[in-house]
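# A look at the structure
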Amino acid sequence: MAGPDDSMALEETVSHFLSGEAEAAKRKPAARQGPAPDSVQQPPLTEDQVDAALAKEEARRAAIRETLLEQARKDYPAQLGNVQTGYSADLEGLRRDVNAYLRSEGNRFHSHVAIIDPAKLDTGMAIGLSASSAVTSILSAQGVHPDKATVDDAASKATAGFATKFGAMTYTQDPTAFTNAKGPIEACVIVPSSDHAILEDVNIKGLSAQDRVKFLDRHESWHCIDDQYTLRHIDEKELAKVNLNDLKSVAANPTACEAIAIKYQKEAFADAGAVGSMIREGYGLALLDNISDWRKNRPGDLIHNTTPVLDGMKQEIRDMGGVEKFRQLSEAQAKEFYYKVVDKYGITGKSFQVALQYETANPLQRLGHQIDATVDNDVRKGLELRDYTNRKPDLVANPTLSSAEYDQLQKYDAQAQLEQRAFQIGRKVTPATMVQAYTQLQEDLRAQMKAHPESQIYAEQMTKLQRDFTTNVKTMDYVEANSRFGVKIENVEPSLAAFSDKHPAKPRQPATKP
């Protein structure tokens, strides 16, 4: 009696035999024959039928894409930990350091810090999440759950418009710290700089791109550490009475002048802390000159006019015995040092008021201010501030691409690179393997950028890669992309089982007794 597998073996034998006959038939010359008597000639498809078939296939591919994206969006929160670049590691290190600092000193405003990693944000944007949804997931993974307004503001700063050197618009990060302005102690949220699409106004002469990124991120972290300069005591109703576009109105209101001075002090402290921490890590005093010159060259940005503080800080370090003495300070002593420098060299509410009053004063009143400046430091700093805001900036050329680099950039096919790497990783192209490909390719280019800091090409390629990744993952044809590698994605991706044309194997029947 036949066993349970005999029928299957017979089917395979017959199939093999028939295929052999077919191969033999191919080797024989075909006999001339007329059409088979029972054959029916099929009429050609009409244009409408062709259009309908194409539309049906297009809809099927769109459904496949949406199924893949929906799975990626579902997996996004759980997969955030796997979205890692070298810059992700740098940001995580900064987060750990600041959190340890906040715990050790008992900060009055912030219990901890959370950072919105650009690579994780890019991944969310690529799979079709809104910026706010991606930011919510990134912060939730760090145990931080801000109100909707803060999330939306952070998302806006994390997706600031950016024009590339290859003629396209994408987004980058506008570095910002969302500090705790009121209420109980809570988290401080940082939008860091991009490590490649750095805003052009951050053109700090003498600093590499990586040094600029480090300074920007440290600056924002020191906003989170600052618990002295605060606007909590400022009467908001009093501020509401002031027309900020009217110099006389602002100058006549001491509360408004104080509020603006505090904002200045906050920025000066963040600059002092950022530069100070970098010097304590090994950078030289020249870093103070680099940042001071950059701030000096932006007279339209009053709140960030930290040049007097940075120049004063350099002198204070020399007075204490030099860089090595400065590096020997404890963390708490360094923080107090930064506050001392800002208080000594930064503007006050009175300084700002004097600067505004001088603008609209008559010659006799101006002479009075000049006399007062010889005995009153606040008045002196106010007049210096006025001179600063009226100076013309030195023009500093932004880095550009050479013609050879520009040609190289135009030839860089980011989408092809992503698909190729995605297939190498998972033997298929899906949103999940595209994410893995993106982080790997970004890191490859980042290594090149660090190895060749004088070249602009690698940062531009990283930005082009980001643009194509965040744009194309949610719009590409995954059937077509996989077919280029000889893969039918419907048959190899578990989430697409409903689209597969594979017939499941027939279940084997239990053996029967003879």
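Please read all numbers here as calculations on a predicted model, not as lab measurements.

A few words now on the overall build of the protein. Helix and strand content of the protein: 23 helices and 5 strands. For the protein, with 514 residues in total, the buried portion stands at 46%. Within the protein, counting contacts between residues at least 6 apart in sequence, those at least 24 apart form 72% of the total. Carbon and sulfur atoms make up 53% of the accessible area of the protein, which totals about 27,300 Å².

Further remarks concern the packing of aromatic side chains. This model, assessed by the stated rule, comprises 13 aromatic pairs. Aromatic side chains Trp222 and Phe269 sit 5.7 Å apart centroid to centroid with 75° between the ring planes, which places their arrangement in the edge-to-face category. Taken together, the residues Trp222 in helix α7 (residues 209-225) and Phe269 in helix α10 (residues 254-281) connect sequence positions 47 residues apart. Residue classification places Phe269 among the buried residues on the basis of a relative accessible area of 0%. Between Phe326 and Phe337, the ring centres sit 5.5 Å apart and the planes meet at 50°, which makes this aromatic pair tilted. Of the two residues, Phe326 is situated in helix α13 (residues 323-327) and Phe337 in helix α14 (residues 331-345); the sequence distance between them amounts to 11 residues. Comparing Phe326 with Phe337 shows no difference in burial state: the two are buried. One aromatic cluster in this structure is built from Tyr101, Trp222, Tyr229, Phe269, Phe326, Phe337, Tyr338 and Tyr339. Above the face of the Phe326 ring, Arg280 is positioned so that its terminal group lies 5.7 Å from the ring centre.

In this model, α10 (28 residues) spans 40 Å end to end at C-alpha, consistent with the 40 Å of a helix rising 1.5 Å per residue. The element α10 is largely enclosed, with a buried count of 24 among its 28 residues. For α10, the N-terminal cap is Asn253; the gap from its side-chain oxygen to the backbone nitrogen of Thr255 is 3.0 Å. With its phi angle positive at about 140°, Gly282 sits one or two positions after the end of α10.

We now examine the pairing of strand β2 (residues 160-163). On β2, burial follows the alternation: Ala160 and Phe162 on one face are buried, whereas Gly161 and Ala163 on the facing-out side are not. Hairpin remark: β2 followed by strand β3 (residues 169-172), antiparallel, with 5 residues in the connecting loop; positive phi at Gly167, about 80°.

Here Arg95 lies in helix α3 (residues 86-105). Overall, Arg95 belongs to the buried group, its relative accessible area being 18%. A distance of 3.0 Å separates a polar atom in the side chain of Arg95 from a polar atom in the side chain of Glu92.

On to the sheet that holds strand β4 (residues 176-178). Spatially, 3 strands are ordered β1-β5-β4 in an open sheet, and the strand pairing comes out mixed. Looking along the sheet, the strands with just one partner apiece sit at the ends: β1 (110-115) and β4. Along the sheet, successive strands turn relative to each other by an average axial angle of 20°, direction set aside. Summarising the sheet, β1 and strand β5 (residues 186-191) pair through 4 bridges and their orientation is parallel. Opposite Ile115, over in β5, you have Ile190 as the bridge partner.

Moving on, we come to the state of the cysteines. Applying the stated criterion to the full structure yields 1 disulfide. A sulfur-sulfur separation of 2.1 Å characterises the disulfide bridge that pairs Cys188 with Cys224. Looking along the S-S bond of the Cys188-Cys224 disulfide, the torsion reads about -65°, which is the left-handed sense. Taken as a pair, Cys188 in strand β5 and Cys224 in helix α7 lie far apart in primary sequence, 36 residues in all. Each member of the pair, Cys188 together with Cys224, is buried.

This part is about the nonpolar core. Formed by 67 residues in total, the largest nonpolar core has its most connected members in Phe215, Ile291, Met313 and Tyr338. Look past the residues within four positions of Met313 in its chain and what remains in contact with it is Ala272, Gly276, Leu288, Phe326, Phe337, Tyr338 and Val341. Grouped together as the second largest cluster of nonpolar side chains are 61 residues, Leu121, Val189, Ala414 and Val487 included.

Attention now goes to the confidence of the model for the protein. Within the protein, residue pLDDT values average 88, and 88% of them lie at 70 or more. In the model, residues 1-33 has pLDDT below 50 throughout and makes 4 contacts with residues more than four positions away in sequence or in other chains.

What follows deals with the pattern of salt bridges. Two side chains bearing opposite charge may form a pair once their charged atoms approach each other closely. Tallying each qualifying case throughout the model produces 36 salt bridges. Among the salt bridges present, the one from Glu238 reaches Lys241, with a minimum N-O distance of 3.2 Å. Measuring nitrogen to oxygen at the nearest pair gives 3.7 Å for the salt bridge that ties Glu316 to Lys340. In this pair, Glu316 is assigned in helix α12 (residues 307-319) and Lys340 in helix α14, connecting sequence segments 24 residues apart. Through salt bridges with shared partners, one network takes in Glu57, Arg60, Arg61, Asp477 and Glu490.

Okay, a nonpolar patch on the surface next. Among the surface-exposed residues, Leu45, Val50 and Leu54 lie close enough to one another that they form a single nonpolar patch of about 290 Å² accessible area. By the secondary structure assignment, Val50 is in helix α2 (residues 47-79). Taking the relative accessible area as the measure of exposure, Val50 reaches 35% and is therefore partly exposed.

Time to look at unusual backbone geometry. Unusually for a residue other than glycine, Arg427 sits at a positive phi of about 60°. Tracing the chain through its elements places Arg427 in the loop between α19 (414-426) and α20 (431-451).

Thresholds applied
Residues numbered from 1 in each chain as written. Predicted model: local features only at pLDDT ≥ 70, side-chain atom pairs only at ≥ 80, totals over all residues. Heavy atoms only, no water. Helix = DSSP H or I, 4+ residues; strand = E, 2+ residues; numbered from the N terminus. Buried < 20%, exposed > 50% of the residue type's maximum accessible area, 1.4 Å probe, protein only. Contact = heavy atoms within 4.5 Å. Areas by Shrake-Rupley, 256 points an atom, 1.4 Å probe, with all protein chains shown as cover. Phe/Tyr/Trp six-rings, centres within 6.5 Å; stacked < 30°, edge-to-face > 60°. Lys NZ or Arg CZ within 6 Å of the ring centre and 35° of its normal. Expected span 1.5 Å × (residues − 1). Polar contact = N/O pair within 3.5 Å; in protein donor to acceptor, adjacent residues only side chain to side chain. Pairing = 2+ DSSP bridges. Axes fitted to C-alpha atoms, helices over the stretch in contact; angles between N-to-C directions. Disulfide = S-S within 2.5 Å. Core = buried A, V, L, I, M, F, W, Y, C linked by side-chain atoms within 4.5 Å. pLDDT = per-residue confidence, 0-100. Salt bridge = Lys/Arg side-chain N within 4 Å of Asp/Glu carboxyl O. Patch = residues over 30% accessible without salt bridge, like charges linked within 9 Å, V, L, I, M, F, W, Y side chains within 5 Å.

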